[in-house]
Amino acid sequence: MSSTQATAPSVSDAAIPDRFYEILKGVWGFSSLRPSQEAAIASILEGRDTLVIMPTGGGKSLCYQAPAIYRGGMTIVVSPLIALMKDQVDSLKQVGVNAVRVDSTLTLPEKREIAQELRSGNVRLLFVSPERIASPDFVRLLEGNEVHTIAIDEAHCVSQWGHDFRPEYRQLSSLRNVFPNAAMHAFTATATVKVRADIMDQLQLKQPRMLISSFDRPNLTYRVLPQVELENQILEVCERHRGSGGIVYCLRRNDVEVITAFLQSKGISAVGYHAGMPHEERKRAQEAFLTESIDVAVATVAFGMGIDRSNVRFVLHASIPKSIEHYQQETGRAGRDGLPAECVLFHSVGDVMTLKKITESSLREANASEEIVAASRLQIEEMSRYCQTPVCRHRALVQYFGQSYDLASCGACDVCLGDTDEVPDSKIIAQKILSCVFRVQERFGVNHVVDVLLGARTQAVVQRGHDQVSTYGILKEVPKAQLKDWVYQLAGQGALTLDGTEFPVLKLNPNSRAILFGDAQPRLIRTATKAKERKQAAASEASIHADSGLFEKLRLLRKKLAQEQNVPPFVIFGDTTLIEMSATRPSSLEAMLMISGVGNTKLNAYGQDFLDEITNYCAQNSLEMDAQWKSSVAQSGSSQPAMRVGRTGATGTKNITIPMLREGKSFDEIASKAGITPGTVASHLLEMMETEAISSIDPWVSEATQRRILAAAEKVGRERLKPIFEHLNQEVPYEHLRLVLNFEKQNS
Ligand code: ADP
Ligand code: ZN
């Protein structure tokens, strides 16, 4: 197998041209590429066949989308699912890129329209399902277009060793004959050595460069917990993330139905999904989840590849997955937007046996070979070993995929977090909590009970006289998040009941009484004791509270706009963009454009709507606008969204950025060190230039771009930036315009 050897991971140092970055900022609103994207894109621009292996959320699509715009001509993207193609085409249209899809669902008029579009030569990306490419129609459709790149998405579908084998993928190498000059690039998130080799062979990649990113997903917190009271344990996590998206994976259809009904009865917005449901119903369920009209999808593994909602905040496994690859793939659907997300697997030995039985019988029914049956058994055993071995989960996963892991402790898994650290005085604490529930007459939810225990003087507490009850303030030394967690733990163990349809109320039950008055011993776990030791580099725990004021308002606006256009909300803006908006609260379109994820087309389409919403909110709540990223972070942990911050915390990031700017470090480097966005770094530079002279802006804007900007300014004047921006075909970000003009002024 010659192809497996030709895989030197080094990419030539051919730098990615400035114009590429200008497109990246202008079209997508991104100020930088991630390191693994940079390597992939350098290789793709070089036109050499490439196999890109990047975990879910790594940003694979940008690797073929951005070069397609940069190079012009035509890029064909083969994708296994119509839903995925549709979302990608919708997303591209949102940023102003001409993309179309060809699949079996097109109506005749749609087909005609697409054919015409294609003839115009203005289509940059054509998405196609694998079964279409073999047809002569398809080749004819493309006449007159220069196809220089073929991208194969979800390339593991080509391999029967992968978990989503698609026989149609086997025909893809025929594309080589049709477009002999096109380079072919394959993309996948899962690949064992066997699958990798298979991809390269099956697609007949020519001397491919193989680029493998780290498989680690630092923003995911992994937990494996023993099943105690499964339904309550699942409910506990759903409650903690109320209002956010999550997936609960179940082994059997029946489990899906039971758990969905249970969650619904507890007021969780949940929908079931399994292969036994009628097609239409399944489609509706999936759409409800993607469009955020439902929070939680309870599903069998049939709920899979089409799920590209980026703000999934938790993935739960109610039962052990079939293999570590499956686990990686399924948990991978959490936190694609890079924000913290939580993955919990509820493990039971009984499930392992059931899974083995079910898998084996379905394989035998399908006449699978003994080899495949044995392999599947082995995979389940490996998965079970993963669950039962107390090794850092991040480490175990990364090592499984053949990579090394350098951190001694990830700070984001049950093992490193010390989830099993039992609180020594569990019983006394539990008794205090339970008697507080009793004192407030079993009529309040977790937040209120916690407030009373902490001795908080909230309006609700005072109004109801709960500052007079005997349990008021008896746990005031405990951090709020910790106390809340313990209450949920008690509920998870069945020592408390969460009841009520509209909003969950804490009630006592016979187990509570056995703790209060008998010798039942509850087990409380301290998840936060080691928090202080956590490596800042690792993810903070998933704790995005979607109910925070402005963020919630922006989310509603996004949903409304999405509904109007019949696209999923994440296609309009991702959560990271909304969080940055609610943290910095831009006061102008220019400031808005500094935000990651806001490119020119989206600025034109939605900028004003979001600006109005932000301005209103700030006026109503007397909030300053154009705040630095830090100011909202200072409030995180309360009702604000918990934003990801670097090690600088709430105090002046300028102390860090300004010295590095003086050294001429790039925005991206500074941004990642200071834990802020490149846009904020740019604003620091602009501010710095007001008081101190700098000798050059070459480190941040290329000389060629500076010349282009000045030439445009000569033509259309310097008073306003917008005409310059328009004159440069919206290709150069506003922050560059301001830098160049300010620098010119400084030196005139
Ligand atoms: P994958 O296909 O590898 O799962 P996606 O292409 O869906 O990943 O990208 C994941 C998320 O990361 C998306 O929300 C995307 O907008 C965002 N993203 C990708 N590249 C960048 C970048 N260079 N800067 C900022 N965000 C990015
Ligand atoms: Zn760990």
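An account of the accompanying structure is given in this report. (Residues numbered from 1 in each chain as written. Chains lettered and ligands numbered in written order. Predicted model: local features only at pLDDT ≥ 70, side-chain atom pairs only at ≥ 80, totals over all residues. Heavy atoms only, no water.)

Here we come to the nonpolar core. Ranked by size, the top nonpolar core spans 136 residues in total, and within it Met581 and Phe610 carry the most contacts. Once residues within four sequence positions are removed from consideration, Phe610 is found in contact with Leu554, Leu557, Arg558, Leu561, Phe573, Leu578, Met581 and Met592. Ranked by size, the runner-up nonpolar core spans 52 residues in total, among them Ala270, Val449, Val452 and Leu524. (Core = buried A, V, L, I, M, F, W, Y, C linked by side-chain atoms within 4.5 Å. Buried < 20%, exposed > 50% of the residue type's maximum accessible area, 1.4 Å probe, protein only. Contact = heavy atoms within 4.5 Å.)

Lining the immediate surroundings of ligand 1 are 14 residues, of which Ser32, Gly57, Lys60, Ser61 and Arg336 lie closest. A distance of 3.2 Å is found between an oxygen atom of ligand 1 and a side-chain nitrogen or oxygen belonging to Arg34. Contact distances for ligand 1 include 3.0 Å between an oxygen atom and a backbone N or O atom of Gly59. Isolated, ligand 1 exposes 570 Å² of accessible area, and the fraction of that covered by the protein chains is 77%. (Near = heavy atom within 4 Å. Polar contact = N/O pair within 3.5 Å; in protein donor to acceptor, adjacent residues only side chain to side chain. Areas by Shrake-Rupley, 256 points an atom, 1.4 Å probe, with all protein chains shown as cover.)

Position of Val77 among the secondary structure elements: in strand E2 (residues 74-78). For the pair Val77 and Ile150, spaced 73 residues apart in sequence, the C-alpha to C-alpha distance is 5.9 Å. (Helix = DSSP H or I, 4+ residues; strand = E, 2+ residues; numbered from the N terminus.)

This brings us to the sheet that holds strand E12 (residues 312-317). What the six strands build is an open sheet, ordered E8-E13-E12-E9-E11-E10; its pairing is parallel. The strands lining the two open edges of the sheet, one partner per strand, are strand E8 (220-226) and strand E10 (270-273). Pairwise comparison of adjacent strand axes, ignoring direction, gives a mean angle of 15° for this sheet. As paired strands, strand E9 (residues 245-249) and strand E11 (residues 296-299) are joined by four bridges and run parallel to one another. Bridge assignment links Ile247 to a residue of E11, and that residue is Ala297. Across the sheet, helix H11 (residues 230-240) touches E8, E9, E11, E12 and strand E13 (341-347), and the angle it forms with E13 is around 175°. (Pairing = 2+ DSSP bridges. Axes fitted to C-alpha atoms, helices over the stretch in contact; angles between N-to-C directions.)

When four donors bind a metal tetrahedrally, each ideal donor-metal-donor angle is 109.5 degrees, and when six bind octahedrally, the ideal angles are 90 or 180 degrees. The coordination sphere of the zinc ion (ligand 2) contains the protein donors Cys392 (SG), Cys410 (SG), Cys413 (SG) and Cys416 (SG), at a distance range of 2.2 to 2.4 Å. The site at the zinc ion (ligand 2) holds four donor atoms, and with the angles between them running 104 to 120°, its shape is tetrahedral. Read in sequence order, the donor residues for the zinc ion (ligand 2) give the motif C-x17-C-x2-C-x2-C. Residue Cys410 is classed as buried on the basis of its relative accessible area of 1%. (Donors = N, O, S within 2.8 Å, 3.2 Å for Na, K, Ca; no water. Tetrahedral: all angles 85-135°; square planar, octahedral: opposite > 155°, others 65-115°.)

Before going further, it helps to spend a moment on the side chain of Glu330. Counting through the fold element by element, Glu330 comes out in helix H14 (residues 324-331). In this structure Glu330 touches Tyr249, Val301, Val315, His317 and Pro321, once residues within four positions along its chain are discounted.

All right, on to the packing of aromatic side chains then. Using the criterion set out here, one finds twelve aromatic pairs in the structure. Ring centres 4.7 Å apart and planes at 15° place the aromatic pair Phe215 and Phe401 in the stacked group. With a gap of 186 residues between them, Phe215 in the loop between strand E7 (209-212) and E8 and Phe401 in the loop between helix H17 (393-400) and helix H18 (414-417) connect regions that are remote in the sequence. Judged by relative accessible area, Phe215 falls into the buried class, the value being 2%. Between the aromatic rings of Phe573 and Phe610, the centroid separation amounts to 5.2 Å while the plane-to-plane angle is 80°, which identifies the pairing as edge-to-face. On the criterion of sequence distance, the pair formed by Phe573 in the loop between helix H25 (569-572) and helix H26 (575-584) and Phe610 in helix H28 (residues 600-620) is long-range, its members being 37 residues apart. Residue class for Phe573 comes out buried when judged on its relative accessible area of 2%. Through a chain of ring-to-ring contacts, three or more aromatic side chains come together here, namely Phe20, Tyr21 and Tyr70. (Phe/Tyr/Trp six-rings, centres within 6.5 Å; stacked < 30°, edge-to-face > 60°.)

Below, the discussion takes up the pattern of salt bridges. Under the criterion given, the structure shown has 29 salt bridges. For Arg240, the salt bridge is made with Glu236, and the minimal N-O distance between the two is 3.0 Å. Here Glu236 and Arg240 lie together in helix H11, a separation of four residues that amounts to about one turn. With a closest N to O distance of 2.7 Å, Glu370 and Arg364 form a salt bridge. Of the residues examined, Glu370 reaches a relative accessible area of 52% and is grouped as exposed. Counted as one network, the salt bridges with shared partners bring together Glu292, Arg309, Arg313, Asp337, Arg558 and Asp575. (Salt bridge = Lys/Arg side-chain N within 4 Å of Asp/Glu carboxyl O.)

One way to put it is that H11 packs onto helix H12 (residues 253-265) with a least axis distance of 11 Å and a crossing angle of 55°. Classified by the angle between their axes, H11 and H12 sit oblique to one another. Both H11 and H12 take part in a crossing whose hand is right-handed. Contacts from Glu231, Asn232, Ile234, Leu235 and Cys238 in H11 reach Val258, Ile259, Phe262 and Leu263 in H12. (Parallel < 35°, antiparallel > 145°, perpendicular 65-115°, else oblique. Left-handed = near helix turned anticlockwise from the far one by under 90°.)

Take the pairing of E11 next. Burial along E11 is two-sided: Val296 and Val298 and Ala297 and Ala299, pointing in opposite directions, are all buried. Of the strand pairs in this sheet, E10 and E11 are connected by four bridges, and their pairing is parallel. Pairing of Tyr273 across the sheet is with Ala299, part of E11. The handedness of the E10 to E11 crossover, carried by helix H13 (residues 279-290), is right-handed. (Right-handed = clockwise from strand over helix to strand, strands pointing away.)

Bringing the sheet that holds E2 into the picture now. Ordered in space as E3-E4-E2-E5-E6-E1-E7, the seven strands form an open sheet in which the pairing is parallel. This sheet does not close on itself; its edge strands, each paired only once, are strand E3 (99-102) and E7. Neighbour-to-neighbour, the strand axes of the sheet open up by a mean angle of 20°, direction not taken into account. Where helix H4 (residues 60-71) meets the sheet, it contacts E2, strand E4 (125-128), strand E5 (147-152) and strand E6 (183-188), and its direction lies at approximately 140° from that of E4. Contacting E3 and E4, helix H5 (residues 82-94) crosses the sheet at an angle of about 165° to E3.

E9 sits mainly inside the fold: five of its five residues count as buried. Where burial is concerned, the two faces of E9 agree: the one with Gly245, Ile247 and Tyr249 and the one with Gly246 and Val248 are both buried. Sheet topology note: the E9/E12 ladder contains five bridges and is parallel. From the neighbouring strand, Val248 faces E12, where its bridge partner is Leu316.

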